[in-house]
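Residues per chain, in single letters:
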Amino acid sequence: RIKARCKSETEVQRRVYGRFVTEIGRKYPQFDATRHYKSPYAIPGDWKKYVAVDYGTGGEQGHPPAIVFVAVRPDLRMGVAYRGWRGDDGSDYTASDIFNKFIDLRGNDLLTLQKFDQQAKDFGTIAERAGETFLPSDKSHDRGEDVINTLFKNDMLVIFDTPELRKLGDELTGLMRTTPKTKAKDDLCDGLRYCVVDIPWDWGMLKGTLTDEEKRDEETRPLTDKERVELELRERRGEMVDELRPGEKDEGWRELEDEFAEWNERYG
């Protein structure tokens, strides 16, 4: 009952489980478990599938490895993290272990793109010898975090509600900007970041962003009554000022400056 009254996963973690989490300073504040967890469903055959591997040796000193799979609708306006895995804390992993786990998780899926952390040279070598093509990941935090937050903000990305992907949701909820990288629980987040950053999402669906065809339609359609009234008000207030062409001077402002100079000369 308490969960049902909570407005976000952050509030659930704080009120139900007593964890010290806050919306302020989160790396992924646009993720909301109440909206972005979905019950698993069969991925349609025409959806494109992507994967990214975040390499990790695990053990006491290293972070665990993680693998994230994302499927994207043909119109590139909706995606789902449908499968994932994070290694156990404290367990040791070799490059072969992680590659074999990838093969097991992939199954019969046909993948459009496979990304990996290019610093894991052994993993890349093993994959290449096995005939698997993995491309280097775009590891820019700023770009990747911006893509993830934009996707969640506009409900373009959801996560299957499975035990393994709940770990991803926990990371998205609890990861703070101030947490040092060496102590951050971000393995699945990094896998998701590598996976989604190079997908050619159709950002034209976002409010205020139109395709060229939509722009032409917008320019040629007749004004609504409300827009006509707003236009008349703006004209009366003098807000309709044409933009100057490159190199063109604003003579109106020149005249005002001359008038100010004249008044200052006359009256001080």
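The structure we're discussing is the one just above.
To keep things clear, this report deals only with the structure shown in the data block. Because the structure is predicted, anything quoted here is derived from the model rather than measured.

**Overview of helix α4 (residues 95-106)**
Next up, step 1: Taking 1.5 Å per residue, 12 residues should reach 16 Å; α4 reaches 17 Å between its end C-alpha atoms and fits that length.
Next up, step 2: Three or more residues of α4 are buried, namely Ala-95, Ile-98, Phe-99, Phe-102, Leu-105 and Arg-106. Here the buried residues of α4 occupy an arc of 125° about the axis, which is enough to place them on one side.
Next up, step 3: Where the residues of α4 are buried, they touch β2 (48-54), β3 (66-72), β4 (79-86), β5 (113-116) and α5 (121-129).
Next up, step 4: Phi turns positive one or two residues past the end of α4, at Gly-107, with a value near 60°.

**Describing the packing of aromatic side chains**
Next up, step 1: Applying the stated criterion across every chain, the model contains 13 aromatic pairs.
Next up, step 2: Relative to Tyr-37, the ring of Phe-31 has its centre 5.8 Å away and its plane inclined at 90°; by these criteria the two rings are edge-to-face.
Next up, step 3: Here the aromatic rings of Trp-201 and Trp-203 are separated by 6.5 Å at their centres, their planes lie at 45°, and the arrangement is tilted.
Next up, step 4: A relative accessible area of 29% places Trp-203 in the partly exposed class.
Next up, step 5: The lysine or arginine in question, Arg-166, covers the ring of Tyr-37, its NZ or CZ lying 3.8 Å from the ring centre.

**A closer look at the environment of Leu-168**
Next up, step 1: Position of Leu-168 relative to the elements: it lies in helix α7 (residues 163-174).
Next up, step 2: The exposure class assigned to Leu-168 is buried, which follows from its relative accessible area of 0%.
Next up, step 3: For the pair Leu-168 and Leu-192, spaced 24 residues apart in sequence, the C-alpha separation works out to 8.6 Å.
Next up, step 4: Those residues in contact with Leu-168 that sit more than four places away from it in its chain are Ala-81, Ile-159, Leu-188, Cys-189 and Leu-192.

**Observations concerning unusual backbone geometry**
Next up, step 1: A positive phi is found at Leu-76, a non-glycine position, where the angle reads about 60°.
Next up, step 2: As for its placement among the helices and strands, Leu-76 is situated in the loop between β3 and β4.
Next up, step 3: Positioned with a positive phi, Asp-155 is a non-glycine residue whose angle comes to about 55°.
Next up, step 4: Mapped onto the fold, Asp-155 is located in the loop between α6 (141-153) and β7 (157-160).
Next up, step 5: With relative accessibility at 37%, the residue Asp-155 sits in the partly exposed group.

**A closer look at the sheet that holds β7**
Next up, step 1: Reading across the sheet, the seven strands line up as β1-β7-β4-β3-β2-β5-β6 and stay open at both edges, with mixed pairing between neighbours. Strands at the two margins of the open sheet, each flanked by one partner only, are β1 (37-38) and β6 (135-136).
Next up, step 2: Of the pairings in the sheet, the one linking β2 to β3 comprises seven bridges and is antiparallel in character. Counted as the bridge partner of Ala-52 is Val-68 from β3.
Next up, step 3: The sheet strands contacting α4 are β2, β3, β4 and β5, and the helix crosses β3 at an angle near 30°.

Cut-offs applied
- Residues numbered from 1 in each chain as written.
- Predicted model: local features only at pLDDT ≥ 70, side-chain atom pairs only at ≥ 80, totals over all residues.
- Heavy atoms only, no water.
- Helix = DSSP H or I, 4+ residues; strand = E, 2+ residues; numbered from the N terminus.
- Expected span 1.5 Å × (residues − 1).
- Buried < 20%, exposed > 50% of the residue type's maximum accessible area, 1.4 Å probe, protein only.
- Arc of directions from axis to C-beta.
- Contact = heavy atoms within 4.5 Å.
- Phe/Tyr/Trp six-rings, centres within 6.5 Å; stacked < 30°, edge-to-face > 60°.
- Lys NZ or Arg CZ within 6 Å of the ring centre and 35° of its normal.
- Pairing = 2+ DSSP bridges.
- Axes fitted to C-alpha atoms, helices over the stretch in contact; angles between N-to-C directions.

These values are about where atoms sit, not about what they do.
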